[in-house]
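Survey of secondary and tertiary structure
Okay, here's what each chain looks like letter by letter:
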Amino acid sequence: MFSADEASRGLGIELLEHGAGTAVLRMTVTPAMVNGHKIAHGGYVFLLADTAFACACNSHGPVTVAAGADVTFVAPAYEGDVLVATAEERTRFGRSGIYDVSVRRGEVVIAEFRGRSRSITGTPPGSTRDTTAHRTPGTTTKESR
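No experiment lies behind these values; they were computed from the predicted model shown. (Residues numbered from 1 in each chain as written. Predicted model: local features only at pLDDT ≥ 70, side-chain atom pairs only at ≥ 80, totals over all residues. Heavy atoms only, no water.)

Observations concerning helix H2 (residues 42-57)
Owing to its 3.6 residues per turn, the α-helix aligns residues three or four sequence positions apart on the same side. Over its 16 residues, H2 extends 22 Å from the first C-alpha to the last, a length consistent with the 22 Å expected when each residue adds 1.5 Å. Buried residues of H2: Val-45, Leu-48, Ala-49, Thr-51, Ala-52, Phe-53, Ala-54, Cys-55, Ala-56 and Cys-57, and no others. (Helix = DSSP H or I, 4+ residues; strand = E, 2+ residues; numbered from the N terminus. Expected span 1.5 Å × (residues − 1). Buried < 20%, exposed > 50% of the residue type's maximum accessible area, 1.4 Å probe, protein only.)

Given below as structure tokens:
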């Protein structure tokens, strides 16, 4: 999955380790990632954590996407900082899962992220098969209104 992730690889994110329900990724904060306060824009920190989450929750095989995520920014990161995101599965139940990701600069925690995953039908990117998600009975979507 990571090899097809142009957004993350285009930002220089590297996959350092991966296993069942886990992943470790690294990103260096570039000048283009710094906001008007001269600190790393939170969106880039979130993206790093989200990518680690994606690698961890897709490690089991079925195509899995984010159902939701929250981030708490703990400390600022600066241009030139090397950030490491470590994702760990907390639980999987049915087609859902919960994953925690810590983003650190060395030993300093920059952000804590919790992602909620959902496995969908279909096949990985690059396949010729449909990847339409299951609909939960009784739910209303914009398309069904």
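A few points about the pattern of salt bridges
Taken as a whole, this structure holds eight salt bridges when the rule is applied. Residues Arg-105 and Asp-81 are paired through a salt bridge, measuring 2.9 Å at the closest nitrogen-oxygen approach. Separated by 24 residues along the polypeptide, Arg-105 in strand E5 (residues 96-105) and Asp-81 in the loop between strand E3 (64-73) and strand E4 (82-93) bring together distant segments of the chain. Looking at Asp-81, the relative accessible area reads 13%, which means it is buried. A salt bridge links Asp-100 to Arg-90, with the shortest nitrogen-to-oxygen separation between them at 2.8 Å. Residue Asp-100 is located in strand E5, and its partner Arg-90 is located in strand E4; the two are separated by ten residues in the primary sequence. Note on Asp-100: relative accessible area 17%, which makes it buried. The class of Arg-90 is partly exposed, set by a relative accessible area of 45%. (Salt bridge = Lys/Arg side-chain N within 4 Å of Asp/Glu carboxyl O.)

Structural notes on the packing of aromatic side chains
As enumerated under the stated definition, the model contains three aromatic pairs in all. Centroid distance Phe-53 to Phe-113: 5.7 Å. Interplanar angle 50 degrees. Geometry classified as tilted. You can see Phe-53 sitting in helix H2 and its partner Phe-113 sitting in strand E6 (residues 108-119), a full 60 residues away along the chain. Taking relative accessible area as the criterion, Phe-53 reaches 1% and is therefore assigned buried. Each member of the aromatic cluster is reached from another via a ring pair, and the members are Phe-46, Phe-53, Tyr-99 and Phe-113. (Phe/Tyr/Trp six-rings, centres within 6.5 Å; stacked < 30°, edge-to-face > 60°.)

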